[in-house]
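# Architecture and fold: a report
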Amino acid sequence: MEKNLQKAMNEQIRNELYSAYLYLSMSVFFEEKNLPGMAKWMRIQAKEEVGHAMRFFDFMVDVGAKIELLEIDKPPADFTSATDIFEKTLEHEKKVTAMINKLVDLAQKANDNPAMVMLQWFVNEQVEEEKNATLILETLKMVKEQPSATVMLDRELGKREE
Ligand code: FEO
C-alpha cells in the first residue's frame, strides 16, 4: 500500500476507536442523568465505531499493509445536556466524513482500486451517521428538552438494535 494512504489508514483505525471512546463517554453522561435509552443508543454507537476500526484493520491485513496501533486520546466528559451531546456528535461525525473524504482522495491518487471500493462503504455510512445525529438533534431542539418529551425520546432511542 502506498505510504501516505497506509499512514492515513492507521490514523483512521485510531480515529474510529477514539469515536468509540467518545460515544462511551457520552453514554456515561446519560447513565448519570437516568436516560437509559440514550445511554444504550450511545453504547451501540460505540460498538459500531469499534466495528469501523476493525473494517480498516481487516482490510489492511487482507492487502498486507503495515498496521501500527497509535495512542488514543482521552475523550471529553464535560457535557452539559442531551442537546449539547448531539451537537457534539454531529460535529464529530462531520469531522469523520472529512477524514473519509481525505482517504478517498489518497486512494485515488495512489490508484488503489481495492481501497477505493472499500472506502465506498464508509462514504455511505457517513451519510447515515450525519443523518441520524441531525434527526435526533433537531428533535431535541424542537422539544427544548422538556422532561416529558425527553423521556419519550429516550424510550424511542432505547429501541435501537445492535
Ligand atoms: Fe465511524 Fe461514526 O463514524
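Further up the page is the structure itself.
This section reports on the structure supplied with the text. Please read all numbers here as calculations on a predicted model, not as lab measurements.

Take unusual backbone geometry next. Here the phi dihedral of Asn 111 falls at roughly 55°; this positive angle occurs in a residue that is not glycine. Examined against the element boundaries, Asn 111 turns out to sit in the loop between helix 3 (82–109) and helix 4 (113–143). Although it is not a glycine, Lys 144 sits at a positive phi angle of roughly 50°. You can see Lys 144 is positioned in the loop between helix 4 and helix 5 (147–157). The class of Lys 144 is exposed, set by a relative accessible area of 66%.

Turning to the packing of aromatic side chains, a few remarks are in order. Inspection of every chain in the model, using the stated rule, returns 6 aromatic pairs. Taken together, a centroid distance of 5.6 Å and an interplanar angle of 80° make the contact between Phe 29 and Phe 30 edge-to-face. Exposure class is identical for Phe 29 and Phe 30. Each is buried. Connected via pairs of aromatic rings, a cluster forms that spans Phe 29, Phe 30, Trp 41, Phe 79 and Phe 86. Above the ring of Trp 41, the side-chain terminus of Arg 160 is found at 4.5 Å from the ring centroid.

So, how was this worked out
- Residues numbered from 1 in each chain as written.
- Predicted model: local features only at pLDDT ≥ 70, side-chain atom pairs only at ≥ 80, totals over all residues.
- Heavy atoms only, no water.
- Helix = DSSP H or I, 4+ residues; strand = E, 2+ residues; numbered from the N terminus.
- Buried < 20%, exposed > 50% of the residue type's maximum accessible area, 1.4 Å probe, protein only.
- Phe/Tyr/Trp six-rings, centres within 6.5 Å; stacked < 30°, edge-to-face > 60°.
- Lys NZ or Arg CZ within 6 Å of the ring centre and 35° of its normal.

Remember, this is a structural readout, not a statement about activity or role.
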